[in-house]
Amino acid sequence: MLWGYGIQVRVDRGHLMIEDGIGAARRHARLPRVRHNLRRLVVIGNDGMISLAAIRWLADQDVSFVMLERDGSVLATTGPVRSSDARLRRAQALAGQSGTAIRIARELIDKKLAAQANVARHKLMATDTADTISRYRAELTRADTPENIRLFESLAAGAYWGAWQTLPINFPKKDQARLPDHWRVFGTRVSPLTGSPRLAVNPPGAILNYLYCLLESESRLAVAALGLDPGLGMLHVDAPARDSLACDIMEPIRPQVDAFVLDWLTRETLKREWFFEQRDGNCRLMAPLAIQLAETAPTWGRAVAPIAEWVAQSVWSSIRKPRHSNQGLPTPLTQRRRTEGRGKEFFVDLKIVPCPSNVCPGCGALTRLGRHCAQCGREVSREKLIEIAKKGRIAALSVASRRKHSETQRRHEALKRAWRSVPKPDWPDERAYREQIQPRLIQVPISTLVSTLGVCESYAADIRAGRHRPHPRHWLVLAQLVGISPD
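To keep things clear, this report deals only with the structure shown in the data block. None of the values given here were measured: they were computed from a predicted structure.

### Here's the deal with the packing of helix H15 (residues 430–437) against helix H18 (residues 475–482)
Next, step 1: Their axes nearest at 11 Å, the elements H15 and H18 cross at an angle of 25°. Classified by the interaxial angle, the pair formed by H15 and H18 is roughly parallel. Crossing handedness for the pair H15 and H18: left-handed. Of H18, the residues touching H15 (which contributes Glu 430, Tyr 433 and Ile 437) are Trp 475, Leu 478, Ala 479 and Val 482.
Next, step 2: For the contact of H15 with H18, a count of residues per class yields six nonpolar, no polar and one charged.

### Re unusual backbone geometry
Next, step 1: Residue Pro 428 is reached from Trp 427 by a cis peptide bond, and omega for that bond is 5°.
Next, step 2: Relative to the helices and strands, Pro 428 is located in the loop between helix H14 (399–420) and H15.
Next, step 3: In this structure, Asn 37 takes a positive phi of about 60° despite not being glycine.
Next, step 4: Examined against the element boundaries, Asn 37 turns out to sit in the loop between strand S3 (27–31) and strand S4 (40–44).
Next, step 5: Positive phi values are uncommon outside glycine, yet Gln 335 reaches one of about 60°.
Next, step 6: Counting through the fold element by element, Gln 335 comes out in the loop between helix H11 (297–317) and helix H12 (336–341).

### A short note on the pairing of strand S6 (residues 64–68)
Next, step 1: The buried fraction of S6 amounts to four of the five residues, a majority that puts the element mostly inside the structure.
Next, step 2: Bridge count for S4 against S6 is five bridges, and the pairing is parallel. The partner of Ile 44 across the bridge, within S6, is Leu 68.

### Notes on the side chain of Arg 473
Next, step 1: When you line up the elements, Arg 473 lands in the loop between helix H17 (457–465) and H18.
Next, step 2: A polar side-chain atom of Arg 473 sits 3.4 Å from a polar atom in the side chain of His 474.

### Some thoughts on the nonpolar core
Next, step 1: In terms of nonpolar packing, the biggest core is built from 85 residues, with Ile 207, Tyr 210, Leu 211, Leu 270 and Phe 275 touching the most fellow members.
Next, step 2: Of the residues forming this core, the biggest block, 12 residues, is contributed by helix H7 (residues 203–225).
Next, step 3: When neighbours within four sequence positions are excluded, Leu 211 is seen to be in contact with Val 257, Phe 260, Val 261, Leu 293, Thr 296 and Trp 300.
Next, step 4: Formed by 16 residues, the second largest nonpolar core is a distinct cluster that contains Ala 432, Leu 441, Leu 449 and Ile 484.

Definitions and cut-offs
- Residues numbered from 1 in each chain as written.
- Predicted model: local features only at pLDDT ≥ 70, side-chain atom pairs only at ≥ 80, totals over all residues.
- Heavy atoms only, no water.
- Axes fitted to C-alpha atoms, helices over the stretch in contact; angles between N-to-C directions.
- Helix = DSSP H or I, 4+ residues; strand = E, 2+ residues; numbered from the N terminus.
- Parallel < 35°, antiparallel > 145°, perpendicular 65-115°, else oblique.
- Left-handed = near helix turned anticlockwise from the far one by under 90°.
- Contact = heavy atoms within 4.5 Å.
- Nonpolar A, V, L, I, M, F, W, Y, C, P; charged D, E, K, R; others polar.
- Buried < 20%, exposed > 50% of the residue type's maximum accessible area, 1.4 Å probe, protein only.
- Pairing = 2+ DSSP bridges.
- Polar contact = N/O pair within 3.5 Å; in protein donor to acceptor, adjacent residues only side chain to side chain.
- Core = buried A, V, L, I, M, F, W, Y, C linked by side-chain atoms within 4.5 Å.

Rendered as structure tokens:
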């Protein structure tokens, strides 16, 4: 992930030279042609240069190159491209006339609505919304035009995003005074600036737009690698500045992106410094968060790969071929045919999406372990202990608690009277307990002391630590417990 100002990507003596960053935080890398472990180079921003030799170096090493605008817009993508098959592209262009486009579009939206219903039911706990989406999904079977398919998709989207409206967005306490009111909840998915999801006005909308752009770039790379034309879509209408097919195949994966963002928003805290509000109200991501989100791109690439291969195979199957020909398309993205040819079961390996750093909900500092930083954790623990102590004092004054306390006192007094009525042993005395027995109690578990002496855990802990000295009737038992005798 390259970001900052004065980005440089060039080749020097066979090595790929990379430089990025800002000021003192400049980074330098020198990668050889062998064992470089580079699979994708992502540039965020447009301040810098990449040489023609560097593009050739990336192509020779099968490394994909993606250039993103700071708002997430895909400016350029390039990667391993399969040799163009005229039959495949001709079938893709005629898919609207052969009926293949309708079948593919219906299947893609069916998968998307099924995933949206699952998110609504199990993530948002909105059962009614999930049932509504399922009804629209059932009506897809009678949709015979792209317009009808898009209609059912939009109706389901209205119900789906309506369940997101009241989702609270958490920020650290120190950032609360600097937050616009509409940043505190998810609100509507439609931006008032454009009447569409573009140019989001709150952080969750900006995060979703950025991740969708990453997904679009991965979809474009997948389509190009399979020899399809990214601009000839099945569902999205043709547009001069859009790769319609890439937008088509990313539709079933959108709910996976939604689930990732939803899990993150409900478990973690956002930082105010991760976002910037422009003068028109447009919310933009700052570089630190954009870099962390860009690291999720390989996950979306693995998720969209089987969808892209299925679309390519569906288009290929519509081609009229000789009867004796059973040739199918290769699966370079997932290696599905190779796996099945070895007699193994194929499954999509989706590794865990890397989440951005944890943020302390108190001061906003980044944390590695636990929810709070060390300082805020101590303060939270102190407040919790005070609250628990208040509840404990109230519970101690209840009738049941006082009755239990009285029964315990009567039992101990009876044991003390019985001990005073019998002759006392010469050992152990007070000095033996203090010098020989008590130092060895640290090795005895508190639970053992509780069961042996018949006291509560807090008192047993004080005995083991030396803060309290037990009644002399317990000394001999404790001596036997730690393995001490008069000899």
